[in-house]
Amino acid sequence: MGSGGSTSSGRSRTYDRNNYYSRHPGLHYNRTSGLESEVTHRTRPFPADDKTLIEVSKVDLAVKSNAKAHHTDEYDITETQDRLVIRRGQEFNINVEFNRPYDSNKDDLRIVFQFGNYPKPSRGTHAEFILSDRDVPKEWGAYIKTKEGNSLSLVMNTPPTCAVGKWSLKIDVVKRSENNVEVFRYKHPSDIYILFNPWCRDDLVYMIDEKLLGEYILKETGYIYAGSADRISPKPWAYSQFEGVVLDCAIQLLDRSYLPDHLRWNPIMVVRIVSKMVNAQDDGGVLVGNWSSKYDGGTSPLDWTGSEAILEQYYTTGRSVSYGQCWVFSGVVTTVCRALGIPTRSVTNFSSAHDTEGSITIDYHFDHKGNYSKELTDDSVWNFHVWNDVWLARPDLPPGYGGWQAIDATPQETSDGVYCMGPMSIFAVKRGEVLHPYDGQFLFAEVNADKVYWKHEEDGTKNVIRVKKYGVGQYISTKLANKPEREDVTDQYKFREGTEEERAAVRQANLASTRPGVYESKAEDVEFYLKPNHDIFMGDTIKFSLVLKNTSDNKRTVHGHLTLSSTTYTGVLHQKIRDRNIDKTILQPKEEESIDMEVEVNEYLDKLTDHCICKIACMCIVDETKQTFADMEELRLRKPHLAIKAPQTCKLGQTFEAEVSFANPLPVPLTKCTLRVEGPGLQRPVIYKQPNVDAKAKYSGKFEMTPKKRGTRDIIVYFNCDQINSVNVSHEININ
């Protein structure tokens, strides 16, 4: 590809690399490492008194045209700082101006790229090459595109396996005398950012469907799904991967991670490091996790509207940011990976299991009276849990196991001694093949563990009273590519519940971990159903029922225990709200009875956590058969809807006004109210203090924005106060 430049007389002269180095002792070219020289580290500035030596006067990196060709023109630093951001494995152009016309017959030039603190050719972090007559695919190289006066237009190539980060560019001029070789060096003042390239067929992150890259690389806003399996809610999130210092922060994370420079080419290693460095558990990473509902000294996880403010604070202070929970960790991971050029999506798993013992079962424990035991239960099922999928080839796994790989930055359990998870092939997880790297057992349990209920007797023995094979891993969700809709990707993680394929995957995963006797069945002739009302707003009366149905031809007597508690979204009980003993209830043959409970707002409001989630726990015993039933159901109270009035279109640089409003559903005033507003390409994150809102009153607030980039953009608004968090809305606007 390409030819040498023309001389002023119309003749062309190009170099063959191997022939060139055979004619110049002291220099040699290595096809893998590039040019190696005995004088590489003895370079010096250009001498002022040598008029015969060609000297580099100026290098123009053609930032705008290169950025457009490399899909990097949205990065702020290409505009505000004139920094070149390119993707590896794809050619780019630069213009070099000299003090005189370049003469290929007598001028010896070489291009030098260096990466990291100790660049070495043998480690792929130091590359040198001369102007060539041809482009060698998948290698460093350069050729002359045009020559005009004192200037050369060069086409440069990078390999699709070069390290990702900031590379320095140098141009060396070699001067030879009879007994001496001198090298004079020009160093460009700005580093060149080289990223992964999902548009390049030879990159491990290559995605064949380019339309999907409009979402998984280029989209700066989206939805992260939260709530519960019965009431899924989209949370607007500003990823802002092209804004401000985000790219510099993403690269800094890799610099601080202790990942060796020579492994920075490998996206498998990079995404594993990202899952480690986005949490602060081990190496002072980005986010401090907090699930206590007390956020003194930091920001509530529910208050964040996007990643930019978090990454900017971390980058400018050098200290971990407080606080995050799973969707915040996932949002930041999406930002970092998309900024680096890795196709990424945030994925929410509803009824997500957290297996602390590696048993690939979730164990619940009740005492002999039927009370749920928080002290004996280490495992939990989160209402929802958010992690990430990244798109990678996996040459380290059998063929067919590439594609979406799960990673998770939320610090739950350690992997190889540090808090990280993945990458794990979701295709392998679906098949129950959990021993492939990395962390397959933990991920499989999250999406397909069975729930095992245990009863502890007074004599210290414990027995399995129920195995619930279905219910973990529901409605696994992500934003549909290029549309504002939810996509259900459950079938990418697991076979349909109850099919032979799904049970076979569970058996495969449990080969070494299932406890003996767990799956023995017992006769049951009384059916139990917990029926919560999932369409309840904050401020409404909570209503739920336990339905008992005797399917036998004989009388049955049932007694037990029913408890309503507030809980965190991770499934940890917070406070008991209502407790009720179920006295001996007689069911005649084929009879059905409903036990109903109602709880008013004044009884539960001050006991709720910030996610407004309750848990109903039930244990019942049939006297005649000793049949025992145990179950737990989540109930999430709905928050009010935030309405927005804003224009559909606007001109670049033209200020517009937006108004948001909602009705306070609570019988108490809302205090310490704020609006968090941001929109990539519209406005950086900003917080507006708001007045208190009276009980049952309407709130409205206004703000202004001034667009700074063209295209389709999203406004993201969160209302927060002491009583209700994360009342949110997003609005799409076209900027002309």
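Student: Give me the lowdown on the layout of surface pockets, citing residues and values where you can.
Tutor: Of the pockets and cavities examined, the largest pocket occupies roughly 690 Å³. Looking at the largest pocket, it is lined by 27 residues, and the ones nearest its centre are Tyr295, Ser300, Cys721, Asp722 and Asn725. Of the residues belonging to the lining of the largest pocket, the class tally is nine nonpolar, nine polar and nine charged. Of the volumes computed, that of the second largest pocket is approximately 550 Å³. Along the walls of the second largest pocket sit 25 residues, with Ser233, Pro234, Arg636, Ser726 and Asn728 positioned nearest its centre. Within the residue set of the lining of the second largest pocket, elements represented by two or more residues are β13 (221-228), β14 (231-238) and β40 (727-735).

Student: A description of helix α5 (residues 246-256) should follow, citing residues and the corresponding values.
Tutor: With eight of eleven residues buried, α5 lies mostly within the body of the structure. Among the residues of α5, Val246, Leu247, Asp248, Cys249, Ala250, Ile251, Leu253 and Leu254 are the ones counted as buried.

Student: Which residues make up helix α10 (residues 440-448), and what values go with them?
Tutor: Among the nine residues that make up α10, eight are buried, leaving the element largely enclosed by the rest of the structure. Among the residues of α10, Gly440, Phe442, Leu443, Phe444, Ala445, Glu446, Val447 and Asn448 are the ones counted as buried.

Student: Account for the sheet that holds strand β35 (residues 656-663), with residues named and values stated.
Tutor: Pairing between the strands of a sheet comes from backbone hydrogen bonds, and it takes one of two forms, parallel or antiparallel. Taking strand neighbours across the sheet as the criterion, the three strands line up as β33-β35-β38 in an open arrangement whose pairing is antiparallel. Of all the strands in the sheet, the pair left with one neighbour each is β33 (643-645) and β38 (698-705). Across the sheet, the axes of successive neighbouring strands diverge by a mean angle of 20°, strand direction being ignored.

Student: Describe in detail the packing of α5 against helix α6 (residues 267-277), supporting the description with residues and values.
Tutor: Following both chains from N to C, one finds α5 and α6 inclined at 95°, their axes separated by 10 Å at the closest point. By the angle between their directions, the pair α5 and α6 is classed as roughly perpendicular. On α6, the residues that touch Leu253, Leu254 and Arg256 of α5 are Val270, Ile273, Val274 and Met277.

Student: Break down the packing of aromatic side chains for me, with residues and values.
Tutor: Within the structure shown, the criterion is met by 26 aromatic pairs. With 4.8 Å between their ring centres and 65° between their planes, phenylalanine 662 and phenylalanine 719 make a pair best called edge-to-face. Of this pair, phenylalanine 662 sits in strand β35 while phenylalanine 719 sits in strand β39 (residues 711-720), and the two are 57 residues apart along the sequence. You'll find phenylalanine 662 and phenylalanine 719 in the same group, each marked buried. Between tyrosine 699 and phenylalanine 719 the ring centres are 4.8 Å apart and the planes differ by 50°, which places this aromatic pair in the tilted class.

Here is what the cut-offs are and how they apply
- Numbering of residues starts from 1 in each chain and follows the order in which that chain's sequence is written.
- At least 70 in pLDDT is required for a residue's local features to be given in this predicted model, at least 80 for side-chain atom pairs to be given and counted, and no such filter applies to totals for whole chains, interfaces and linings, which use all residues.
- Here the side-chain values reflect all heavy atoms present in the structure, with hydrogen atoms and water set aside.
- Here a cavity denotes grid points, spaced 1 Å and computed from the protein atoms alone, that fit a 1.4 Å probe unable to get out, and a pocket denotes an open set having protein on both sides within 12 Å along at least 5 of 7 lines; residues with an atom within 4 Å of a point are the lining.
- Grid points are joined across faces, edges and corners, and a volume is the space filled by probe spheres set on the points.
- By the convention adopted, Pro, Cys, Tyr, Trp, Phe, Met, Ile, Leu, Val and Ala count as nonpolar, Lys, Arg, Asp and Glu as charged, and the other residues, Gly among them, as polar.
- Helix numbering and strand numbering both begin at the N terminus, where a helix is a DSSP run of H or I of at least 4 residues and a strand a DSSP run of E of at least 2.
- The rule is simple: take the accessible area with a 1.4 Å probe, protein chains only, and divide by the maximum for that residue type; under 20% is buried, over 50% is exposed, in between is partly exposed.
- The criterion for strand pairing is that DSSP finds at least two bridges linking the strands in question.
- In this analysis, axes come from line fits to C-alpha atoms, helices being fitted only over the stretch in contact, and the angle between any two N-to-C directions falls in the range 0 to 180 degrees.
- For classification purposes, angles smaller than 35 degrees are called roughly parallel, those larger than 145 roughly antiparallel, those between 65 and 115 roughly perpendicular, and all remaining angles oblique.
- Any pair of residues with heavy atoms lying within 4.5 Å of one another is described as a contacting pair.
- Centres within 6.5 Å are what make two rings of Phe, Tyr or Trp a pair, Trp counting through its six-membered ring; a difference in plane orientation under 30 degrees is then read as stacked, over 60 as edge-to-face, and the rest as tilted.

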